[in-house]
Amino acid sequence: MASLFHFKQFCIDQTDCAMKVNTDGVLLAAILDTVAPTKILDIGTGTGLIALMLAQRFPSAIIDAVEIDENAARTAKKNFFASPFFNRLSLFHSSMEHYLLNDDEQYDLIVSNPPFFINSLKSEDPVKGIARHTDYSFFENLLKESANKLSKKGFLYLILPIETSKLIEKLMA
């Protein structure tokens with residue numbers, strides 16, 4: 001039996017995904033404050049939750065989603081095709097770095113619920129480790145490449161723990 005999480009206009013199948021639907025992702029997509037973006041990028045889409053919620057919120061937006069984990073990318077693609085927004089969603093199975101270096105698009109909105117634990121106890125599950133843990137250079141690349149991909153009025157929204165957000169503030173300074 002599939003592990004389904006139901007929303008107003010779509011369902012998320014979480015089968016074979018290390019990271020399940022969680023409060024962080026739901027809140028990020030629900031409370032971000034921006035004028036209706038036309039082009040959105042979801043970095044580390046996982047099951048596709050944030051991309052789908054933003055497709056529901058912004059009916060004219062085109063959304064690209066990037067996911068490094070093969071199982072999660074396959075699940076996100078399946079979730080996209082099962083939604084009423086499938087024609088506005090594109091999934092790219094790639095690392096963030098590779099995608100951003102090879103993509104010519106400009107985005108009005110870039111969102112991510114990134115791996116944000118730095119120098120902390122890692123999960124014994126290697127897939128969960130990739131989804132939860134990263135290093136300083138990941139955030140350097142994320143900020144640098146996002147700045148290059150944002151339109152003049154674009155925004156980057158991340159959900160981070162306090163400790164990691166302090167690191168991001170330093171990097172942005």
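Attention in this report is confined to the structure presented alongside it. Given the structure is predicted, the values throughout are model-derived calculations rather than measurements. Note on numbering: residues in each chain are counted from 1, in written sequence order. For this predicted model, a pLDDT threshold of at least 70 governs which residues receive local features, and a threshold of 80 or more governs which side-chain atom pairs are given and counted, while totals over whole chains, interfaces and linings are taken from all residues. Based on all heavy atoms of the structure, the side-chain values leave hydrogens and waters out of the count.

**Let's talk about the nonpolar core**
The term nonpolar core refers to a set of buried residues drawn from Ala, Val, Leu, Ile, Met, Phe, Trp, Tyr and Cys, joined through side-chain atoms within 4.5 Å. Only protein chains enter the accessibility calculation, which uses a 1.4 Å probe; a residue is then buried when its area is under 20% of its type maximum, exposed when over 50%, and partly exposed in between. Residues Leu54, Ile63 and Leu89 are the most contacted members of the largest nonpolar core, which totals 28 residues. Mapped onto this core, the elements with two or more residues apiece are α1 (23-31), α2 (49-57), β4 (62-67), α3 (70-81), β5 (89-93) and β6 (107-112). If one sorts the elements of this core by residue count, α2 sits on top with seven residues. Under the DSSP-based scheme used, a helix requires at least four consecutive residues in state H or I and a strand at least two consecutive residues in state E, with every element numbered from the N terminus.

**Re the packing of aromatic side chains**
The rule is short: rings of Phe, Tyr and Trp, with Trp giving its six-membered ring, pair when the centres are within 6.5 Å, and they are stacked under 30 degrees, edge-to-face over 60, tilted in between. Evaluation of the coordinates by the stated rule reveals four aromatic pairs. Judged by centre distance (6.2 Å) and plane angle (75 degrees), the ring pair of Phe10 and Phe85 falls under edge-to-face. Of this pair, Phe10 sits in the loop between β1 (4-6) and β2 (11-13) while Phe85 sits in the loop between α3 and β5, placing them 75 residues apart in sequence. Ring geometry for Phe155 and Tyr157: centres 6.3 Å apart, planes at 50 degrees, overall tilted. Residue classification places Phe155 among the partly exposed residues on the basis of a relative accessible area of 40%. A relative accessible area of 21% places Tyr157 in the partly exposed class.

**Quick look at the sheet that holds β4**
Strands are treated as partners if at least two bridges between them are detected by DSSP. Ordered by their spatial adjacency, five strands build an open sheet running β5-β4-β3-β6-β7, and the pairing between neighbours is parallel. Looking at strand neighbours, the two that pair on one side only are β5 and β7 (150-158), the edges of this open sheet. In this sheet, neighbouring strand axes are inclined to one another by 15 degrees on average, regardless of whether the strands run parallel or antiparallel. Of the pairings in the sheet, the one linking strand β3 (residues 39-43) to β6 comprises four bridges and is parallel in character. Of the residues in β6, the one forming a bridge with Ile43 is Ser112. Contacts are assigned to residue pairs that have any heavy atoms within 4.5 Å of one another. Interaxial angles span 0 to 180 degrees and are taken between N-to-C directions of axes, which are lines fitted to C-alpha atoms, for helices over the stretch in contact. This element, α3, spans β4 and β5 of the sheet and lies at about 165 degrees to β5.

**A few points about the layout of surface pockets**
A cavity here means a set of points on a 1 Å grid, drawn over the protein atoms and nothing else, where a 1.4 Å probe fits but cannot get out; a pocket is an open set with protein on both sides within 12 Å along at least five of seven lines, and a residue lines either one if it has an atom within 4 Å of a point. Grid points are joined across faces, edges and corners, and a volume is the space filled by probe spheres set on the points. Of the voids in this model, the second largest pocket is the one considered here, and its volume is about 170 Å³. As for the second largest pocket, its lining consists of Leu143, Leu156, Leu158, Ile159, Leu160, Ser165, Ile168 and Met172. Counting only elements with at least two residues in the lining of the second largest pocket, the list comes to β7 and α7 (162-172). Ranked by residues supplied to the lining of the second largest pocket, first place goes to α7 with three residues. Charged residues are taken to be Asp, Glu, Lys and Arg, nonpolar residues to be Ala, Val, Leu, Ile, Met, Phe, Trp, Tyr, Cys and Pro, and polar residues to be all remaining types, Gly included. Looking at side-chain class alone, the lining of the second largest pocket contains seven nonpolar, one polar and no charged residues.

**A few points about the environment of Lys78**
Secondary-structure assignment places Lys78 in helix α3. Under the relative-accessibility criterion, Lys78 is labelled partly exposed at 48%. Sequence-wise, Lys78 and Gly48 are 30 residues apart; in three dimensions their C-alpha atoms are separated by 9.2 Å. Any N or O atom pair separated by 3.5 Å or less is treated as a polar contact, with the protein-specific requirement of one donor-capable and one acceptor-capable atom, and with residues adjacent in sequence counted only for side-chain atom pairs. In terms of polar contacts, Lys78 uses its side chain to reach the side chain of Asp13, at 3.1 Å.

**Observations regarding the pairing of β6**
With five of six residues buried, β6 is to be regarded as a mostly interior element. One ladder, built from five bridges, connects β6 with β7; its direction is parallel. Counted as the bridge partner of Ile110 is Leu156 from β7.

**Some points on α1**
Along an α-helix, residues three or four apart share an orientation, since each turn contains 3.6 residues. Listed in full, the buried residues belonging to α1 are Gly25, Leu28 and Ala29. For α1, the angular spread of the buried residues around the axis is 90 degrees, confining them to a single face. For α1, exposure combined with an orientation more than 90 degrees from the buried face picks out Thr23 and Ile31. Summarising the contacts, the buried residues of α1 are in contact with α2, β6 and β7. Our arc is simply the arc of the directions from the helix axis toward the C-beta atoms.

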